[in-house]
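Overview (structure and organization)
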Amino acid sequence: MPIRTIIEPFRIKSVEPIRWTTRNQREQLLRDAHGNLFLLPADDVLIDLLTDSGTGAMSTYQWGAIMEGDESYAGSKSYNRFRDSIQDIFGYRHVIPTHQGRAAERILFNVMVKRGQIVPNNTHFDTTRANLEFVGGVAMDLVIAEGKQPSLKHPFKGNMDVAALETVIEREGRDKIPLVMLTVTNNSGGGQPVSMQNAKAVSAVCRKHGIPLYFDACRFAENAYFIKLREPGYENKTPKEIAQEMFRLGDGCTMSAKKDGMANIGGFLCTNDDILAQQEKDLLILTEGYPTYGGLAGRDLEAIAVGVQEAVDVDYLRYRIASTAYLGNHISERGVPIVQPPGGHAIYLDARAFVPHIPLEQFPGVALANELYLEGGIRSVEIGSLMFGKAAKMDLVRLAIPRRTYTQSHIDYVIEVILEVWRKRDQIRGLTLAYEPPFLRHFTARFEMPG
Ligand SMILES: Cc1ncc(COP(=O)(O)O)c(C=O)c1O
């Protein structure tokens, strides 16, 4: 019989101890953090599933490359290696390094978007929406209807509604839409992939109207692997070939290398447009740094150059997608409502179905995330009414899996904690907001906590 167990395709060379706390301690710690898990000291978290962004483990090859970092201010060799590795996969003419994804977004929107213009996306991520709104743009989410129904199974729930895109362009006029974006995979919509067929259709509409198409490429490798698994005609292509094909459909991308760049920091902005690239580099110099480092150290550029290639490795992606599904399948088969099917980088609990007795004004997702911490020291994040306010279509609790960081027994522990919280779900109470900042309020909001 063929061996079916999928194992971690690495062995561990260096370990980082994690620390237990008691429930009593966690109650006090959560009070001190004003009920906001972002405000907890990380040391008081046992399993940190707050984000998969920058929290992964780097490989020996990445650490080796780091030692070769060329820290020259201008013309660094590390930039050339970074650019060549990225162009090999993404194919765009200009590769502009940034300190992380949101810096690429800020520069892109500053250069391309005027006040009152609209940017359609399948679903804008929080930083994407915030950066767009900051320059006066209007973020429009056009994910397909299936993408808004958490329990519905569909292979490509991240797809954009192409008919809705056409309608918006006809209604508003081409001049009101400076660019269209596609987020692969769709983080805020449950880490769900976009099919190649959908990307082709969106690209065709954009080309017909002369509108540039940009990818939010943070999880491009996971998206490519889902296409390999689920889209007819792609089963024999490598994830890299699939990614290359997808990027050819666009004019550029924003990227946080903290995800499928397999690095702890970094990002980039790509474009094929020479004039835009010049304007983007001018802005880059103002706030990020010279165009051959863009706010990063030479060693960071090296880690990313190696990391993007490791991200498209088929053995890594098989393990990555299978281990995320393992968590999702084990809790959903016991009745826990999750966004189906399991996404690439995270499992999303459907808080509206998990704690239906908590009204949206009392943040069901935050209440559930806090309970997971109290029960087992697990940190997750709400993606819902706190993060997006009234624009929230769902209230989700995201359990993001850092890359190559936790083992199967860590995940078995997480499963046990979630099932215990599920058993006691009727006792979970809603929360009242005590303070909110003017934007991206979820990072620093505070809640009223019992004394
Ligand atoms: C889809 C998506 N876009 C953009 C970003 C922003 O990237 P960064 O955190 O590096 O600024 C993220 C980060 O989580 C993301 O998931």
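In this report, we go over the structure that sits alongside the text. (Residues numbered from 1 in each chain as written. Predicted model: local features only at pLDDT ≥ 70, side-chain atom pairs only at ≥ 80, totals over all residues. Heavy atoms only, no water.)

Turning our attention to the side chain of Arg398. Summarising the element assignment, Arg398 is placed in strand E12 (residues 396-400). We note that Arg398 is buried and unpaired, the nearest opposite charge coming from Asp52 at a distance of 4.6 Å. Separated by 3.0 Å, the side chain of Arg398 and the backbone oxygen of Leu50 make a polar contact. Looking at Arg398, its side chain comes within polar contact range of the side chain of Asn187, at 3.1 Å. (Helix = DSSP H or I, 4+ residues; strand = E, 2+ residues; numbered from the N terminus. Buried < 20%, exposed > 50% of the residue type's maximum accessible area, 1.4 Å probe, protein only. Lys, Arg positive; Asp, Glu negative; His and termini not counted. Salt bridge = Lys/Arg side-chain N within 4 Å of Asp/Glu carboxyl O. Polar contact = N/O pair within 3.5 Å; in protein donor to acceptor, adjacent residues only side chain to side chain.)

With that settled, the discussion passes to the nonpolar core. Core analysis: the largest hydrophobic core is formed by 59 residues, its most contacted members being Phe90, Val180, Val202, Phe215, Phe220, Phe247 and Phe268. If one sorts the elements of this core by residue count, helix H8 (residues 220-230) sits on top with 6 residues. Contacts of Phe247, omitting those with residues within four sequence positions, involve Ile89, Phe90, Tyr92, Phe215, Ala217 and Phe220. Ranked by size, the runner-up nonpolar core spans 45 residues in total, among them Leu46, Leu368, Tyr373 and Phe447. (Core = buried A, V, L, I, M, F, W, Y, C linked by side-chain atoms within 4.5 Å. Contact = heavy atoms within 4.5 Å.)

What follows covers the pattern of salt bridges. Within the structure shown, the criterion is met by 30 salt bridges. The shortest N-O distance in the salt bridge between Lys77 and Asp70 comes to 4.0 Å. Ionic pairing is found between Glu245 and Lys237, a salt bridge with its closest N-O pair at 3.7 Å. Residue classification places Glu245 among the buried residues on the basis of a relative accessible area of 14%. A relative accessible area of 29% places Lys237 in the partly exposed class. The network of salt bridges with common partners includes Arg23, Glu27, Glu371, Glu375, Glu420, Arg423 and Lys424.

Let us look at the sheet that holds strand E6 (residues 213-216). Read from one edge to the other, the open sheet built from 5 strands follows the order E2-E8-E7-E6-E5, with strand pairing classed as mixed. Whereas interior strands pair on both sides, the edge strands pair on one side only; in this sheet they are strand E2 (94-98) and strand E5 (180-183). Here the average twist between neighbouring strands, direction ignored, is 15°. Sheet analysis places E2 next to strand E8 (residues 267-271), joined by 5 bridges and oriented antiparallel. By the bridge assignment, Ile96 is partnered in E8 with Leu269. Seen against the sheet, helix H7 (residues 196-209) touches E5 and E6 and runs at an angle of roughly 170° to E5. (Pairing = 2+ DSSP bridges. Axes fitted to C-alpha atoms, helices over the stretch in contact; angles between N-to-C directions.)

For the rest of this paragraph, the subject is the packing of H8 against helix H12 (residues 314-332). Two elements in contact, H8 and H12, have axes separated by 10 Å at closest approach and are oriented at 85°. The angle between the axes of H8 and H12 places the two elements in the roughly perpendicular class. Between H8, through Ala221, Glu222, Tyr225, Phe226, Lys228 and Leu229, and H12, the contact on the second element is made entirely by Val314, Leu317, Arg318, Arg320 and Ile321. Along the lines of polarity and charge, the residues of the contact of H8 with H12 split into 7 nonpolar, no polar and 4 charged. (Parallel < 35°, antiparallel > 145°, perpendicular 65-115°, else oblique. Nonpolar A, V, L, I, M, F, W, Y, C, P; charged D, E, K, R; others polar.)

On the basis of which strands lie adjacent, the open sheet formed by 3 strands has the order E9-E12-E11 and antiparallel pairing. Both outer strands of the open sheet, strand E9 (346-350) and strand E11 (381-383), are each paired with one neighbouring strand and no more. In this sheet, adjacent strand axes meet at a mean angle of 35° when their direction is disregarded. Bridge count between E9 and E12: 5 bridges; the pairing is antiparallel. Paired with Ala346 across the two strands is Ala400, which belongs to E12. Strands in contact with H12 are E9 and E12; relative to E9, the strand with the most contacts, it is inclined by about 25°.

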